Amino acid sequence: MKKYAKVVVRSNTIHTDNLFTYEVPIFLLNELEEGHRVLVPFGRGNKPTEAFVFEIIQELKEDIKTKEIVDILDEEPIFKKQDLELVNWMKNRYLCTYIDCINLIYPKGYKLNNYKVVILNETIKELSDYRFEEFLTTLNESQNNIINFITENKGKIKIEKLKSIPNINNLLDRMAKNNIININWEYKDHKNEKKICYVALTLEDEDIDEYIKSNKINLGSKQKEVVEFLKNNSQVEINDVMKILNTSKKSITSLYDKKLITLKIEDYYRNPKAIYTSTYKTINLNNEQLYAINKITSEMFDEDKKPYMLHGVTGSGKTEVYMEVIDYALNQGLDSIVLVPEIALTPQTISRFKNRFGDIVGVFHSQLSEGQKHDVYKAIKAGRIRILIGARSALFAPFNSLGVIIIDEFHESSYKSEKNPKFSAIEVAKYMAIKNDVSLVLGSATPSIDEYYKAKNEEYKLIEIKSRANKRPMPKIEVIDMKSELDIGNKSIFSVRLQQEIEEEIKNKNQVILFLNRRGYASFVSCRKCGYVFQCSNCDISLTYHKKKNIGICHYCGYEKEIPKECPECKSTYVKPFGVGTQKIEEELKFIFPDAKVLRMDKDTTSKKGSIEEILNSFKNREADILIGTQMLSKGLDFENVTLVGILSADMILNFPDFKSFETTFQLVTQVSGRAGRSDKEGKVILQTYDTDHYAIRRAINYDYEGFYEDEIKIRKVFGYSPFNNMISVVMSGENEQLVKQSSKNMYDSIIYLLQNRGINNFDFILGPNPCSISKINQNYRWQILFKDDNIEINLLKGIIKYICMTKRDVVFSKEVNVSIDINPNSVL
């Protein structure tokens, strides 16, 4: 009985984003399953291509010609049924391709390389030496060179190694037609695995001596050393034996041939080195924490449970609640995933979890090597990792018994991907929780407006923790009006009050955190005489000044330019950096407090592997008095000696041209303030701003989340922003500005035509096409069309956008124009 498999083929083109049908060969009829990774011949040249089985059917509905699957690539399917369902759901939700979604779940370290090889035709191979030499005289010099290359490479060579020969493709084509050579596709399936070999004696000490004696086995001096060494060391890694005894592998394999030792190959797991350390403390949970734990654990096996929103003030002990919930899940045989916003948070979190749960805690994030990521995948599959901590990509870990997903600081924008597929980790986690009966817990002191609105409408079970775990009050926030500082002649970044407080805390042997939402030395560099601003040559944005190297850097594309002493426009020497960055703060601090030890934590100082852990460890161990940083510092960090937090400019976030800027301001002020007074010492916060009366500032200084929510939700409703409407952003980009502009007009015209055909004539929900706020990034011009589902059904709107951007892409858009679709984007810049 025949079977057919519907597969997704690994290809980067949108034209192959379909299910292709292949016949299952007889030898795979009982082995092939949905979720298997297979090798299929694809395209006219039957290129061996990796594919993924989504469905197996018994018969074809239509009469189509099918090719056979070549083979399966893994013993077991790499995807579960739930994974395939998730891929289908994400493809439709985020208007992306199958492969975009598959790449999220696909094991890191797996790679299929396919390539063409040239071999001699069988008739040529069968020629005698004399006939072969005679045959070579009939060929020209280039053909002789190719034959020499083939014979020197054991009868087979990759075509890519012949690329240096002029006109190689035509040469090979003619030789193939003349039956001199054959051109074949070959492939190599690679898994980035590391194995380790252990050596042990086959028998006990006395028995081994008897065995050597009775079988009259002769041993060299080094082999005797190895045997004696293994008598005292039961199982040793082969490289250690060679190193300690200064012996060769040949000596050891000779012992194996003589049946005196066993060689055991085992998987080796590459664990990332942990630099950050902390000690485990037994904590007495308060009533609010106990209520939260009991609520979540008591409903863990309820089928229709809702996700939980844990709204707890900063320092309320949410992590302790997470750990208790996970401990309960472990005792029920269930695994857990803990998502953190970005890698900056993980060192402290990992340390706390490992102290409590030991080696069953794994970590997964972008700074791991490909080999380390592969080992995490393998360890989860083997049951060695039961708790995984990581950024949003950890959500797709291959657990078989997942019981709990925790998303900490879930308000953070980093839970929304900026690359295809542009998925929301919260949405995907909710889908997984409902489909697979998993307990989902979202935790934050400052929930996003969108999700809190859903909690108010009972889409979540809202659990509140209103007190700090240490029973101390929230740190008092003192607002400093920076306009008044100018009136008294203070032109420093630091208000007089903040300087006094820093001096006082250092004198009292306490620590200080200073927060600014900008890295670098200054915002931009300008000529004071003519107003010329140093711009990125690739992007529509000014360069950020970095004083150490005297260069301007574009934080969008990485372009660098040395800043000259004179203006390129008017030749004046009044070239000066404007604004303020973390580097400048560090410099001024060292001038005001020459004896203070200062650390800086931003993307410039944390780009090296392990640098985040080193900075955090140094600060925890009191090797510095002051830590300066960007928004990395707002995320869940816990230092018991920090008693003062300085927020240097709340206006930088407040005045950002984005409808979520007020929400972001409230969140950052609240979160950064929460870094102070987290142990027995009382904390305080100095907040510097030019807009002391803004409702986001007034609500934040009183930790009044409910008040802020009520103010913000009214504004969102009036303007039709989320959560009241969905928004879809379509950005077109390319190096030719006219083609980008024309493509965006074509898209707009196509949408209007399709909508009018459906009787829709009101297009107020469409904004654009217009140039993006940042109209050029990395030499690519950018135009945008925004859609709100205001008076139009969202699925109809998505269907039309998908039809135009994917099905009719070649008709509507120039081939030189890229199209990016984002559902409910974080930013529309």
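See the structure above.
None of the values given here were measured: they were computed from a predicted structure. (Residues numbered from 1 in each chain as written. Predicted model: local features only at pLDDT ≥ 70, side-chain atom pairs only at ≥ 80, totals over all residues. Heavy atoms only, no water.)

Trainee: Any chance you could break down unusual backbone geometry for me, citing the residues and the numbers?
Mentor: Leaving glycine out, the prevailing phi sign among residues is negative, and the prevailing peptide bond configuration is trans. The residue after Ser-722, namely Pro-723, is reached through a cis peptide bond having omega 15°. Tracing the backbone shows Pro-723 in the loop between α24 (705–719) and β30 (727–734). Look at the link from Gly-768 to Pro-769: it is a cis peptide, with omega at 10°. Topologically, Pro-769 is positioned in strand β31 (residues 766–777). For Leu-95, which is not glycine, the phi dihedral falls at a positive 50°. Turning to its location among the elements, Leu-95 is positioned in the loop between α1 (81–94) and α2 (98–105). (Helix = DSSP H or I, 4+ residues; strand = E, 2+ residues; numbered from the N terminus.)

Trainee: Talk me through the sheet that holds strand β24 (residues 560–562); I want residue IDs and the actual numbers.
Mentor: Reading across from one edge, β22-β23-β24 is the order of the three strands in this open sheet, with antiparallel pairing throughout. Looking at which strands have only one partner, the edges of the open sheet turn out to be β22 (544–546) and β24. Averaged over all pairs of adjacent strands, the angle between their axes in this sheet comes to 30°, without regard to strand direction. In this sheet, strand β23 (residues 551–553) lies alongside β22 in antiparallel orientation, the contact comprising three bridges. Bridge pairing in β23 links Tyr-545 to Gly-552. (Pairing = 2+ DSSP bridges. Axes fitted to C-alpha atoms, helices over the stretch in contact; angles between N-to-C directions.)

Trainee: Describe the pattern of salt bridges, and please don't skip the residues or the numbers.
Mentor: Applying the stated criterion across every chain, the model contains 43 salt bridges. Of the charged contacts in the structure, one is a salt bridge between Lys-125 and Glu-122, with a shortest N-O distance of 3.5 Å. Of the two residues, Lys-125 and Glu-122 both sit in helix α3 (residues 122–125), three residues apart, roughly one turn of that helix. In this structure Lys-125 comes out as partly exposed when scored by relative accessible area, which is 44%. Across the salt bridge formed by Arg-497 and Glu-501, the nearest N and O atoms sit 2.7 Å from each other. Here Arg-497 and its partner Glu-501 are both found in helix α18 (residues 496–507), four residues apart, which amounts to about one turn of the helix. Residue Arg-497 is classed as partly exposed on the basis of its relative accessible area of 29%. Through salt bridges with shared partners, a single ionic network connects Glu-478, Arg-497, Glu-501, Glu-505 and Lys-684. (Salt bridge = Lys/Arg side-chain N within 4 Å of Asp/Glu carboxyl O. Buried < 20%, exposed > 50% of the residue type's maximum accessible area, 1.4 Å probe, protein only.)

Trainee: Please set out the pairing of strand β12 (residues 308–312) residue by residue, giving values where relevant.
Mentor: With five of five residues buried, β12 lies mostly within the body of the structure. One ladder, built from five bridges, connects β12 with strand β18 (residues 461–465); its direction is parallel. Considered in β18, the bridge of His-311 is made with Glu-464.

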